[in-house]
Amino acid sequence: MSTAAALEGARSFARRDQLLKIQREAQKRWEEADVFKAEAGAETPTEGEKFFGNFPYPYMNGILHLGHAFSLSKLEFASAYYRLRGRNVLFPFGFHCTGMPIKACADKLDREIQKFGKPPVFPNIDEEAEGGETQTSSEQDGSGGQTLPDKFKSKRSKAAAKKGAAKYQWQIMQSLGLGDDEIAAFRDPYHWLMYFPPMAIEHLKMFGLGVDWRRSFITTDMNPFYDSFVRWQMKVLKNMGKIVKDMRYTIYSPLDGQPCADHDRASGEGVQPQEYTLIKMEVIAPFAGKLKALEGRRVFLVAATLRPETMYGQTNAWVLPDGKYGAFEINDIDVFVVTERAALNLAYQDMSKIPEKPTCLLELSGHDLIGLPLKSPLAGNEVVYALPMLTILTDKGTGIVTSVPSDSPDDYMALLDLTLKPAFRAKYGVKDEWVLPFNVIPIINIPEFGDKSAQKVCLDLKIKSQNDKEKLAEAKRLTYLKGFTDGTMIVGEFKGKKVQEAKPLIRKKLLETGEAVMYSEPEKKVVSRSGDECVVALTDQWYITYGETEWKEKAEECLAKMELYYDEARHGFEHTLSWLNQWACSRSFGLGTRIPWDEQFLVESLSDSTIYMAYYTIAHVLQNGDIYGKNAALVKPEQMTAEVWNYIFLGGPFPKSEIPSDLLKHMKKEFEYWYPFDLRVSGKDLIQNHLTFCIYNHTTIFPKEKWPRSFRCNGHLMLNSEKMSKSTGNFKTLHEAIEDFSSDATRFSLADAGDGMDDANFVYETANAAILRLTKEITWMEEILAAESSLRQGPPSTFSDRVFANEINIAVKLTERNYSAMMFREALKTGFYDLQAARDEYRLSCALGGMNRDLLWRFMDVQTRLITPICPHYAEHVWKEVLKKDGFAVRAGWPTADLPDLTLQRANKYLQDTIVSMRKILQKQTSAPKKSKKGLTNTATAVEESKPTIGLLYVAEKYEGWKEECLNILQANYDRGSRSFAHDQDILAALKESPAGQLADFKIILKKCMPFLKFKKDETLAVGPEALDVKLPFDEMQVLQENVDLIKRQIGLEKLEIFFITDESAQGKAGSYVSVLQQTPPSPGNPVAIFMAALDFQQNSARTGA
């Protein structure tokens, strides 16, 4: 690299390096002073005295990335804001290690080393790293997805990109920055717990997180205190009858040999078991073809249905001609013909001769099944046949489908295709007698659709074939729900009953007679962290009884009182509460805490993390600042008995304990002071599990006054408008972002990324712009302080002073509102962008040396405080090194401010809009081609003499005449609550009754009134009811007169005169331009400007005698 290039590189990073230096200095001062240490007060806190916020502890199988930082930043900004407001703030941070992910990764490493050596030599590593889809470390942290590589520019090398697209766990570890000599140690799952949490703490401290690190901890039995806490919690729930053991359907990993909860999944989070009724359609003997080998067995084509009540209308069964099926042994007699995937689910539901292992007696294709005669339960036809259907999906159900063409549009169109197309029948060897004798059988009457709903809707939508997927989907949407809610059975034992009443009765009958069996499978594909596709298993294990009526009512009561910030979040919680039922809380493998009464099982990872926020309140006392709880000095883990936990958290009696009584009382006081927590921030994906579990557990364990107060949920984070993905290289860890941009520029860009529940967007350009803005602001402040003697002294006095002081007050109030509402992008706008714009406008409005010293000092103080929650390191530097103030910016207090003067703000907007409008008119006038006056040559002198340097500004003080009448009528017919007007006919009737309506020329006036009324209505909807004012709330003439010099300077005029339009003599000064005033007269808030050359102005003035 050349010397010049090196110097250029150094310059390009100088500003970022300045911020990195500032952040190191600020963090050193914070740590030395224990700035974020939180201590409980002596008394119960009053409302608004304390703030306890927390964040779902991140999973420790990798390095924290910007996605973590985005959610976390919401809590960080809120905590910093409330600290500024003078609250006693507790912000603790823990680390989650429970469950399968770490164990699965450790086991993968072990298998790779056994198979490929140490370090492993993988086959075709280059090709595998560069090609195709691969599993990345996104399976560890939930990020993932793929985007086109040309959608962004990755700064990573090709080698690093290969690591990002790693297939093997060893490669994933390399992508985390680990060397080959370090990776083998991670075969021990507990090594992960020793490595990643300390690294996370280091990175979070670099980020500037305002955490009381004394209260940090890890989960699992590696931490004996937290282990004791979880065991106590589980005992409490069991003693209350909230944990039971039962046989239930659950998502299950065959490879892991245990249930697979949301956090154990690489994909499919939130997917639940879907329960079906399996209809047993018996193949009628004698068997032919491949099925001859099954002679003597009972063979069934088994179809999964959600609509057992429709079985009366069966005309046939459907199979996929090219589908792969098998004849699977259920017991010594029965054989089910299904797909292999369905057979695996059945095997884990006690429907296989060998439990958990399907036995395939015969491999079959759909072609082998076409034409099989079947005897099907409830069917009106004694025999139906298996026929080909081309749209069957083999990844749902069993691959066998019952056909009810009266009520299923898909079935109706497929049967119609076979009936009307002999060539189609011939292609698949379908005999006429298998199809043509079978007609649609009416079974359900649906209002609007009759008793052959599928036929009617297909005709109505003009569906042509079974391949018309979009129209068929619409047909099902129209009929299925209405059939269930409004349909009536017209056949069978339950004839006359509503479908929704008959459905469970028919299902019960089919199950009792053995003509059907219960079956369940995942709603969608689920892949475990170990890499296998999950099934639904019928397992005997421990469940938490979520969904229990009384408990659910308490959860709903809690939710109703909580602040959730967004309606979308509330709807998400309400939906989750509507379906959430018993939750499997035990696991056989992984890391965690043993279930105290059944130690063969572990507590699963979403069940040991529901009330741990309470543990934060005493963690520092128990663990003495050691996240592993190994260096405790005052309390021993075995001393934390159920009686002690009950005393601290549940108001139980004072326990008999070796723990000093003062220490017991201190822990109880800590909990009583800090609880309930005031805010929990999380990604919206946790609404469907963790956050709802949190509500449930709090409502049953703690009294109402300790229930959660608020949740703030956010969307995911995109990077430069693309999905974050390690596999494509569009990915950034928190540490990388800090190194590339600095902590404050990273935080700035996170605040700017977005506030709602939609996905946000971290943009590199924003972070780089923040580096420039922050460092330039420091330079500007230093320059202002150095030039203090040149600033105007004394109290603020000019219009520009008053406006700037008012803008500072507005910024304080709006930013306060935005921080309180957790609208941090808006807080950044009002507290930084808008405030800087106001400063820049003030600087422009004042002549050189005309800025007021006291106002600038107040601006620098206020801006520093308002940006502190988002950019605290920058704020500390400005506070101490620039403004030379004592203490810490993070504890400086919220700035005081007078109530904003909205009239003054409106007056300034009027002034600025007037200047912009005048400038545009003047530019248009001067850019138009000029004709030379007679007798003058087009010399430079002539051009200069014709240059407009004189401005005349005409002002209308108020609306008068018919316009005033119109505005009065609109005011009387405007509803401020709904922000709407009365009907036009009412407004017109009022206009006719007004004095203007009594005039002889009212018809002519009316033609002018109607567009004016529409204009003012539209303006009111845009800006508010002030658009209906007959007169502005400020004195236009005074505002303009006070700012004549400013207007002249900004537009480039030598002279500016301002007149009321009612001054007839003043109109004469407009000369030939008076027509402009006549054609477009001024109105309140809209003055009219006229520009002319000095010579023209002199001549016009002479004529008018002025």
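In the block above lies the structure referred to throughout.
So, how was this worked out
Residues numbered from 1 in each chain as written. Predicted model: local features only at pLDDT ≥ 70, side-chain atom pairs only at ≥ 80, totals over all residues. Heavy atoms only, no water. Helix = DSSP H or I, 4+ residues; strand = E, 2+ residues; numbered from the N terminus. Buried < 20%, exposed > 50% of the residue type's maximum accessible area, 1.4 Å probe, protein only. Areas by Shrake-Rupley, 256 points an atom, 1.4 Å probe, with all protein chains shown as cover. Lys, Arg positive; Asp, Glu negative; His and termini not counted. Charge placed at Lys NZ, Arg CZ, Asp CG, Glu CD. Pairing = 2+ DSSP bridges. Salt bridge = Lys/Arg side-chain N within 4 Å of Asp/Glu carboxyl O. Expected span 1.5 Å × (residues − 1). Bend = angle between axes of the 7 residues up to and from the residue. Contact = heavy atoms within 4.5 Å. Phe/Tyr/Trp six-rings, centres within 6.5 Å; stacked < 30°, edge-to-face > 60°. Lys NZ or Arg CZ within 6 Å of the ring centre and 35° of its normal. Core = buried A, V, L, I, M, F, W, Y, C linked by side-chain atoms within 4.5 Å. Polar contact = N/O pair within 3.5 Å; in protein donor to acceptor, adjacent residues only side chain to side chain. Axes fitted to C-alpha atoms, helices over the stretch in contact; angles between N-to-C directions. Parallel < 35°, antiparallel > 145°, perpendicular 65-115°, else oblique. Nonpolar A, V, L, I, M, F, W, Y, C, P; charged D, E, K, R; others polar. Disulfide = S-S within 2.5 Å.

Peer 1: Go over the overall build of the protein with me, naming the residues and quoting the values.
Peer 2: Looking only at helices and strands, one finds 41 helices and 32 strands in the protein. The C-alpha extent of the protein, read off along each of the three principal axes, is 125 × 85 × 70 Å. The 1106 residues of the protein split such that 54% are buried. As displayed, the protein has an accessible area near 48,400 Å², and 51% of this comes from carbon and sulfur atoms. Side chains of the protein carry 138 positive and 148 negative charges; the gap between the two charge centres is 3 Å.

Peer 1: Got a sec to walk through the sheet that holds strand 19 (residues 535-544)? Specific residues and values, please.
Peer 2: If you trace the four strands from one edge of the open sheet to the other, you get 4-3-19-20, paired in antiparallel fashion. Two strands lie at the open edges of the sheet, namely strand 4 (258-259) and strand 20 (583-584), each paired on one side alone. The sheet contact formed by strand 3 (residues 243-253) and strand 19 spans ten bridges and is antiparallel. Bridge pairing links Y249 to L538 in strand 19.

Peer 1: Please set out the pattern of salt bridges residue by residue, giving values where relevant.
Peer 2: Under the definition given, this model contains 66 salt bridges. Between K421 and D417 there is a salt bridge; the shortest N-O distance is 3.4 Å. Look at K421 and you get partly exposed, because its relative accessible area is 37%. Overall, the relative accessible area of 6% leaves D417 in the buried class. For E474, the salt bridge is made with R477, and the minimal N-O distance between the two is 2.7 Å. Within this pair, E474 and its partner R477 are both found in helix 17 (residues 469-486), separated by three residues, close to a single helical turn. Looking at E474, the relative accessible area reads 29%, which means it is partly exposed.

Peer 1: How would you explain helix 36 (residues 1002-1023) if you had to name every residue and give the values?
Peer 2: The first and last C-alpha atoms of helix 36 sit 30 Å apart over 22 residues, in line with the 32 Å expected at 1.5 Å per residue. At K1008, helix 36 shows its maximal kink, close to 25 degrees; a proline, P1011, follows between one and four residues later. In this structure, the buried side of helix 36 is in contact with helix 34 (961-972), strand 29 (974-975), strand 30 (980-981) and helix 35 (984-993). Where helix 36 terminates, the next one or two residues include G1024, which has phi positive at roughly 115 degrees.

Peer 1: Could you give an account of the packing of aromatic side chains, with specific residues and numbers?
Peer 2: Scanning the entire structure with this criterion turns up 73 aromatic pairs. A ring pair is formed by F229 and F649, whose centres lie 5.9 Å apart and whose planes are at 75 degrees; its orientation type is edge-to-face. Here F229 is found in helix 11 (residues 224-239), whereas its partner F649 is found in helix 22 (residues 642-650), with 420 residues between them in sequence. Comparing F229 with F649 shows no difference in burial state: the two are buried. Judged by centre distance (5.7 Å) and plane angle (50 degrees), the ring pair of Y675 and F702 falls under tilted. Taken together, the residues span a long stretch of sequence, with Y675 in the loop between helix 23 (661-674) and strand 23 (679-683) and F702 in the loop between helix 24 (687-701) and strand 24 (711-714) at a distance of 27 residues. Judged by relative accessible area, F702 falls into the buried class, the value being 4%. Across the ring face of F300, the terminal group of K280 is positioned such that the distance to the ring centre comes to 4.9 Å. In this arrangement the basic side chain of K706 is found over the ring face of F671, its NZ or CZ atom lying 5.4 Å from the centre.

Peer 1: Lay out the sheet that holds strand 25 (residues 717-719) in plain terms, naming residues and giving numbers.
Peer 2: Ordered by their spatial adjacency, three strands build an open sheet running 26-25-27, and the pairing between neighbours is mixed. Two strands close off the open sheet at either side, each with one partner strand: strand 26 (722-723) and strand 27 (760-762).

Peer 1: Tell me what's going on with the nonpolar core, and back it up with residues and numbers.
Peer 2: In this structure, F93 and W192 are the most contacted members of the largest nonpolar core, which totals 111 residues. Of the residues forming this core, the biggest block, ten residues, is contributed by helix 3 (residues 66-84).

Peer 1: If you had to explain the side chain of R680 to someone new, which residues and values would you point to?
Peer 2: Counting through the fold element by element, R680 comes out in strand 23. One buried charge, R680, has no salt-bridge partner; the nearest side chain with opposite charge is D608, at 9.8 Å. Engagement of the side chain of R680 in a polar contact is seen with the side chain of Y612, the distance being 2.5 Å. Once residues within four sequence positions are removed from consideration, R680 is found in contact with N54, F55, P56, Y57, Y612, M613, H690, L691, S710, F711 and R712.

Peer 1: Which residues make up the packing of helix 2 (residues 14-33) against helix 31 (residues 872-882), and what values go with them?
Peer 2: Here helix 2 crosses helix 31 at 80 degrees, and the two axes come no closer than 8 Å. In terms of their interaxial angle, helix 2 and helix 31 are classed as roughly perpendicular. Contacts from I22, Q23, A26, Q27, R29 and W30 in helix 2 reach P872, H873, Y874, E876, H877 and K880 in helix 31. For the contact of helix 2 with helix 31, a count of residues per class yields five nonpolar, four polar and three charged.

Peer 1: A description of unusual backbone geometry should follow, citing residues and the corresponding values.
Peer 2: Trans peptide bonds make up most of the peptide bonds, and negative phi angles are found at most residues other than glycine. Note the cis peptide between A285 and P286, where omega equals 5 degrees. Mapped onto the fold, P286 is located in the loop between strand 6 (273-283) and strand 7 (298-305). Of note, the amide linkage connecting Y675 to P676 takes the cis form, showing an omega dihedral of 10 degrees. Mapped onto the fold, P676 is located in the loop between helix 23 and strand 23. Of note in the backbone geometry, E356 takes a positive phi value of approximately 65 degrees without being a glycine. Following the sequence through the fold, E356 ends up in the loop between helix 12 (340-347) and strand 11 (360-365). On the accessibility criterion, E356 (45% relative accessible area) is partly exposed. The phi torsion at S721 lies on the positive side, around 70 degrees, for a residue other than glycine. Considering the arrangement of structural elements, one finds S721 in the loop between strand 25 and strand 26.

Peer 1: For the packing of helix 17 against helix 18 (residues 499-512), give the residues involved together with the corresponding values.
Peer 2: Where helix 17 meets helix 18, the axes come as close as 6 Å, and the angle between the chain directions of the two elements is 85 degrees. With respect to their mutual orientation, helix 17 and helix 18 come out roughly perpendicular. Of the residues in helix 18, those touching helix 17 at G483, F484 and T485 are V499, Q500 and K503.

Peer 1: I'd like a rundown of the side chain of Q258, residues and numbers included.
Peer 2: You can see Q258 is positioned in strand 4. For Q258, a relative accessible area of 1% puts it in the buried group. Only 2.5 Å separates the side chain of Q258 from the backbone nitrogen of S588, close enough to count as a polar contact. A distance of 2.6 Å separates a polar side-chain atom of Q258 from the backbone nitrogen of F589.

Peer 1: Can you lay out the environment of D407 for me, pointing to particular residues and giving the numbers?
Peer 2: Summarising the element assignment, D407 is placed in the loop between strand 14 (400-403) and helix 14 (409-420). Each C-alpha atom of the pair D407 and G313 lies 8.2 Å from the other, and the pair is 94 residues apart in sequence.

Peer 1: Tell me what's going on with the environment of D755, and back it up with residues and numbers.
Peer 2: Position of D755 relative to the elements: it lies in the loop between helix 26 (743-753) and strand 27. Residue classification places D755 among the buried residues on the basis of a relative accessible area of 7%. In the structure, D755 is positioned 139 residues away from W894 in sequence and 22 Å away in space, judged by C-alpha atoms. Discounting residues that sit within four places of it in the chain, D755 has contacts with K74, Y566, R712, M822, M823, F824, R825 and E826. At 3.5 Å, the side chain of D755 forms a polar contact with the backbone nitrogen of E826.

Peer 1: Provide a residue-level description of the pairing of strand 8 (residues 316-319), including the pertinent values.
Peer 2: Taking every second residue as pointing to the same face, both faces of strand 8 are buried, with N316 and W318 on one and A317 and V319 on the other. Summarising the sheet, strand 8 and strand 13 (residues 384-388) pair through four bridges and their orientation is parallel. Looking at the pairing, N316 lines up with Y385 of strand 13.

Peer 1: Residues and numbers for the state of the cysteines, please.
Peer 2: Note on terminology: a disulfide is the covalent bond linking the sulfur atoms of two cysteines. Counting across every chain of the model gives zero disulfides. Free cysteine C585: the closest other cysteine sulfur is in C260, separated by 16 Å. The cysteine C694 is free of any disulfide, with C558 supplying the nearest cysteine sulfur at 8.1 Å.

Peer 1: How would you summarise the pairing of strand 10 (residues 334-338) if you had to cite specific residues and measurements?
Peer 2: When you tally the buried positions in strand 10, you get five out of five residues, the bulk of the element. Because side chains alternate across strand 10, one face comprises the buried residues D334, F336 and V338, and the other comprises V335 and V337, equally buried. In this structure, strand 7 lies alongside strand 10, joined through four bridges in parallel fashion. Paired with V299 across the strands is V335, a residue of strand 10.

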